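Coordinate inspection notes
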Amino acid sequence: MNILSKTLMSIRFIGLDNAFRTIRYTLFRDMAERRYPEPTPEGDPYQPGTLQEARILDRGAHFRFERAELEIVFLAPDLARLSWGPAPEPVPYAIARSGWPPVEVQLTQEDDGWCLESPALRLYVDAGGGLRFTDLQDRLLRAELPPWRQPLSDESTRWTQYAALAPEERIFGLGEQSGALNRRGAYYRLWNTDPGGSYGPGTDPLYMPLPVFQGMHARGSYLVFYENSFDGLLGFGPPAGKEAVRPSPPAGFNLPPLPADQAVAHFTGGMLRYYFCAGPLPHLLERFSELTGRPPLPPRWSLGYHQCRWGYRSEQDIRAVVQGFREHNLPLSAIHLDIDYMDSYRVFTVHPENFPDLTGLARELDEAGVRLVTIVDPGVKQDRDFELFREGLREKVYCTLPDGVPMTGLVWPGWTVFPDFTNPRTREWWGRQYARLLDCGVAGFWHDMNEPSSFAAWGDMTLPRATRHDFDGRSGDHREGHNVYGLLMNRAGYEALRRLRPDRRPWIISRAGWVGQARYAWNWTGDTEASWRALAMTIPSVIGLGLSGQPFSGPDIGGFSGNPSAELYLRSFQMGAFLPFFRTHSAAGTARREPWVFGEPFTSIVRSFLELRMRLLPYLYSLAWEAAQCGAPLVRPLGWDHPDAPDLWAVQDAFLLGSALLVAPALEEKGLSRNVTLPPGGWFDFWDDQVFSGPGEIERPTPLERIPVLVRSGSILPLEEDGTLALHVYAQIRDTSEGDPARPAARIYRDAGDGYGPGRLDSLYLRAAPDGIEITWEQEGEFPFPYDALVLQFHGFQPARAQVDGSPTDLSGGRLHLQGPFGSCVLS
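Here's what I pulled together on the structure shown here. In this text the structure is predicted, and so the values were computed from the model without any measurement.

Rules behind the numbers
- Residues numbered from 1 in each chain as written.
- Predicted model: local features only at pLDDT ≥ 70, side-chain atom pairs only at ≥ 80, totals over all residues.
- Heavy atoms only, no water.
- Buried < 20%, exposed > 50% of the residue type's maximum accessible area, 1.4 Å probe, protein only.
- Helix = DSSP H or I, 4+ residues; strand = E, 2+ residues; numbered from the N terminus.
- Arc of directions from axis to C-beta.
- Contact = heavy atoms within 4.5 Å.
- Patch = residues over 30% accessible without salt bridge, like charges linked within 9 Å, V, L, I, M, F, W, Y side chains within 5 Å.
- Areas by Shrake-Rupley, 256 points an atom, 1.4 Å probe, with all protein chains shown as cover.
- Salt bridge = Lys/Arg side-chain N within 4 Å of Asp/Glu carboxyl O.
- Core = buried A, V, L, I, M, F, W, Y, C linked by side-chain atoms within 4.5 Å.
- Pairing = 2+ DSSP bridges.
- Axes fitted to C-alpha atoms, helices over the stretch in contact; angles between N-to-C directions.
- Phe/Tyr/Trp six-rings, centres within 6.5 Å; stacked < 30°, edge-to-face > 60°.
- Lys NZ or Arg CZ within 6 Å of the ring centre and 35° of its normal.
- Polar contact = N/O pair within 3.5 Å; in protein donor to acceptor, adjacent residues only side chain to side chain.
- Parallel < 35°, antiparallel > 145°, perpendicular 65-115°, else oblique.
- Nonpolar A, V, L, I, M, F, W, Y, C, P; charged D, E, K, R; others polar.
- Left-handed = near helix turned anticlockwise from the far one by under 90°.

1. Section: helix α5 (residues 387-395)
Of all the residues in α5, the buried ones are L388, F389, E391 and G392. Buried residues of α5 fall within an arc of 165 degrees about the axis and therefore sit on the same side. Turning to α5, the residues buried within the fold contact β22 (380-381), β24 (414-417), α6 (424-432) and α7 (434-438).

Given below as structure tokens:
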């Protein structure tokens, strides 16, 4: 975005006064960058040199080269931590687990180096610092060249590491991205960035790029996570034969265009520390989430529908919107307040005239089953009349420049200062402030502008890189602190909510963050444009976030900026009904976007998908529980269970929701049908029960009132229908061998929906029986069965007879009605 575009955007969103302040701030930032310049290179980059010594450690080995050191530690048999130095170790903000069971390793000398072997992996270290990662059959998973080290004037180090890519290798992950699902053929900047109010496909970087990725090729799959929060790049060259599109690095990075079949990691400071794990994709995510933390189970209400708009300016506006949902018979779980509710945009304040009784409003909404969520920005208005600002000065909790003066930026309230969340005292101080809103009845929090963002007319919309951070007593600057700023703001908020409301589960959604974010907050994809191309971009974006350890995400339905047509809004809404975070939100000045504003037939279609979302809550809540148990994302690529199916991994216009559902959104304007790629096995059309066999491709209609949704044969899909748990059994009686009989056809988790009381897990198994099928039910946990009744509905066959726990039971209209759980049900 050029300077003129940024200035016009600033005037539109922040007003003329702040637009002029934006120029002033940008000049001040540039002056600070000149006054406190970044460290400069000293000498030429060099590689480690010749290996001098290798010695075994308790669970790894240490290698000393002429000009570098390498430590390899196995945290688990299939998970290794590699640290190139010398360099200061990172503060482990991303790491959730420190104590690991012992791992037996062997270190043996080879012709040109050493081999370090665990019970699952071999790491070969050659005499020059090159590394090869193999399985125990010596199948090569990854090969790295010796890294390049560039000393800097402040005694820190830049690192550049190259690795080989297999020609067929696909790369996934990297957090929030706006491009293709397969990340080959591009450089990716690792610097949390506000793109300026609107973005579409190809924008880089975004709010939450993450230095974690998976590589998948014919010999296996692996995951790499770089524990380095400095500004950096990850690049992945194209397959051989496509050299004409070799990617070039962004301006400011002195790296060559990437050769074919080669990857690069470049960091402008810190230690070159990274983690390597091998195995199938579900296992990689399970191990990665064990390392960096799994999401806590969210409150059940958060999986419903959320409504928001920048421009709900008063309690009357909120009541009118909620009344509109009631009048149109549209379910609503939460309504969000943007910065309009604040007093002059001061954080943790409430406008006394526009929201004179926020407590009463929150109580009124809660009685109607609607939770209130408020936005919280990190910037604190620099105002001597603002008690929170004065308190922060007394407590010395703000980021400063090297001269000790609090760093002043520019956000919605005008001139602001920024809490230093790398300081534990700051996190505790900031956390206390949530009580102000909790006491008003606020149920959830929306963290925004926490890249951190400061309005700028050109260059980075953030703080000067010389800005100082505490780093839990170690000290550092914004080069290292920028990317973890949002993560630690979310940590401060989450830990505070646990302290202040110990009987309630915290719920936070955040625009920015870093690795480990899932422990504290959900994410949404920010200020997307209202366009068909941005709609299509959503699928690889949300899948990529899930593969990066962030399983709860979703877009602003219809796009944040611009005015979607009725059709575009509807198609976005239909997709959103199957994504973890389900919210309509839009910018100030855009046309209203409540679900009924487009009239019929759109309102009725929206209602049907809202009702379907609410019916799906047992399934969605169970997937949320699964994510909390093992880190599995709710939204998955079609190849999730099929690592050897390259055709499935090329699909980025459809996704799996859990293991049972395949969702193929309508992504083209006025499209009447679309092709759908099917993984192996049988698949039922959710709408009409037609059966299809995969692998292969089918064409399905896309009338306005529906999008293609398919159910995997062998699944039991739990839906909530009028206080009843409806178990929809999808099985073909001529082929009841679908899937693994030892794997549940459904796992249904339920508890009170909030708090930390008992829960229950119901596992249902579907197995072949003479002339039919048998469903067995296993139950764990103390929470009572929460439904008035139970009904089984069958798809693919209609049983004539049923025996429940050995007793014949009548079928009514092809459905089996029961009072509650059973042990065994045989249908024939």
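2. Focus: a nonpolar patch on the surface
A cluster of nonpolar side chains, F20, I23 and L27, forms an exposed patch at the surface whose accessible area comes to about 280 Å². Mapping I23 onto the fold places it in helix α1 (residues 3-35). The exposure class of I23 is partly exposed, given its relative accessible area of 32%.

3. Thoughts on the environment of P402
With respect to the helices and strands, the residue P402 is situated in the loop between α5 and β23 (408-411). Put simply, P402 and G814 are 412 residues apart on the chain and 75 Å apart in space, counted from C-alpha to C-alpha. When near neighbours in sequence (up to four residues on either side) are disregarded, P402 contacts Y36, A466 and R468.

4. Side note on the nonpolar core
By size, the foremost hydrophobic cluster in this structure holds 181 residues, and its most contacted members are F225, V376, W430, F578 and L662. Ranked by residue count, the leading element in this core is helix α13 (residues 617-630), at nine residues. What L662 contacts, discounting residues up to four positions off in sequence, is L638, A654, F655, L656, V676, T677, L678, P679, W683, P708, V709 and L710. Membership of the second largest hydrophobic core comes to 42 residues, among which are L51, A61, F213 and F267.

5. Here's the deal with the sheet that holds β23
Here three strands make up an open sheet; going across it, the order is β22-β24-β23 and the pairing antiparallel. Edge positions in the open sheet fall to β22 and β23, since each of these has one partner strand only. Pairing between β22 and β24: two bridges, direction antiparallel. Looking at β24, one finds that K381 is bridged to T416.

6. Structural notes on the pattern of salt bridges
For the structure on display, the rule yields 51 salt bridges. For R142, the salt bridge goes to E144, with nearest N and O atoms at 2.8 Å. One salt-bridge network, held together by shared partners, links E38, R189, D231, D460 and R465.

7. Details of the sheet that holds strand β31 (residues 582-584)
In spatial order, the strands read β29-β28-β25-β21-β20-β19-β31-β30; together these eight strands make up an open sheet with parallel pairing. With partners counted over all chains shown, the strands left at the sheet margins are β29 (522-523) and β30 (556-557), one partner each. Helix-sheet contacts for helix α4 (residues 358-367) involve β20 (334-337) and β21 (371-376), and the interaxial angle to β21 is about 135 degrees. The strands touched by helix α9 (residues 485-500) within the sheet are β21, β25 (444-447) and β28 (508-510), with β28 carrying the most contacts at an inclination of about 175 degrees.

8. A look at the packing of aromatic side chains
Using the criterion set out here, one finds 48 aromatic pairs in the structure. Through a chain of ring-to-ring contacts, three or more aromatic side chains come together here, namely F348, F389, Y398, F421, W429, W430, Y434, F445 and Y485. For the cation-ring pair, R97 lies above W100, with the distance from its terminal atom to the ring centre recorded as 4.5 Å.

9. Looking at the pairing of strand β4 (residues 79-85)
With respect to burial, β4 is a largely interior element, seven of its seven residues being buried. Covered by surrounding structure in β4 are L79, R81, S83 and G85 together with A80, L82 and W84, the residues of both alternating faces. Direction of pairing for strand β3 (residues 69-76) relative to β4: antiparallel, over a ladder of seven bridges. Bridge pairing links E69 to G85 in β4. Pairing between β4 and strand β18 (residues 272-278): six bridges, direction antiparallel. Bridged to L79 within β18 is C277.

10. Description of the pairing of strand β9 (residues 140-144)
Most of β9 is tucked away: four of the five residues are buried. Both strand β8 (residues 131-134) and β9 contribute to a ladder of four bridges, which runs antiparallel. Note that in β9 the partner of T134 across the bridge is L140. Here β8 hands over to β9 after five residues, with D138 in that stretch at a positive phi of 65 degrees.

11. So, the side chain of T776
Structurally, T776 can be placed in strand β42 (residues 772-781). For T776, a relative accessible area of 14% corresponds to the buried category. A polar contact of 2.8 Å, which involves the side chain of T776, links it to the side chain of R767. Contact partners of T776, with chain neighbours within four places excluded, come to S763, L764, Y765, R767, G823 and S824.

12. A word on the packing of helix α12 (residues 602-615) against α13
Remark: α12 packs on α13, axes separated minimally by 5 Å, with the N-to-C direction vectors making an angle of 55 degrees. Taken together, the axes of α12 and α13 are oblique relative to one another. Where α12 abuts α13, its residues R613, M614 and R615 lie against L617, P618 and L620. In terms of residue class, the contact of α12 with α13 is made up of four nonpolar, no polar and two charged.

13. A few points about the packing of α5 against α6
Look at α5 against α6: their axes get within 11 Å of each other, and the N-to-C directions meet at 160 degrees. The angle between the axes of α5 and α6 places the two elements in the roughly antiparallel class. Both α5 and α6 take part in a crossing whose hand is right-handed. Contacts between α5 and α6 pair L388, E391, G392 and E395 from the former with R425, W429 and R432 from the latter. Grouping the amino acids of the contact of α5 with α6 by side-chain chemistry returns two nonpolar, one polar and four charged.

14. Regarding the environment of P101
Note on placement: P101 falls in the loop between β4 and β5 (106-110). Apart from residues lying up to four places away in sequence, P101 is in contact with R59 and L75.

15. Thoughts on the side chain of D762
Here D762 is to be found in strand β41 (residues 759-769). Not counting residues within four places of it along the chain, the set of residues in contact with D762 comprises A746, R747, I748, W777, E778 and Q779.

16. Considerations on unusual backbone geometry
The omega torsion across G85 and P86 is 10 degrees, close enough to zero to call that bond cis. Among the structural elements, P86 can be located in the loop between β4 and β5. In this chain, E600 is followed by P601 through a cis amide linkage whose omega measures 5 degrees. Among the structural elements, P601 can be located in the loop between β31 and α12. A positive phi angle is found at E155, which is not glycine, with a value near 70 degrees. Looking at where E155 falls in the secondary structure, it is placed in the loop between β10 (148-151) and β11 (157-164). Judged by its relative accessible area of 76%, E155 falls in the exposed class. Positive phi, close to 50 degrees, is recorded for D805, a residue that is not glycine. Along the chain, the position of D805 falls in the loop between β44 (802-804) and β45 (807-808). On the accessibility criterion, D805 (48% relative accessible area) is partly exposed.

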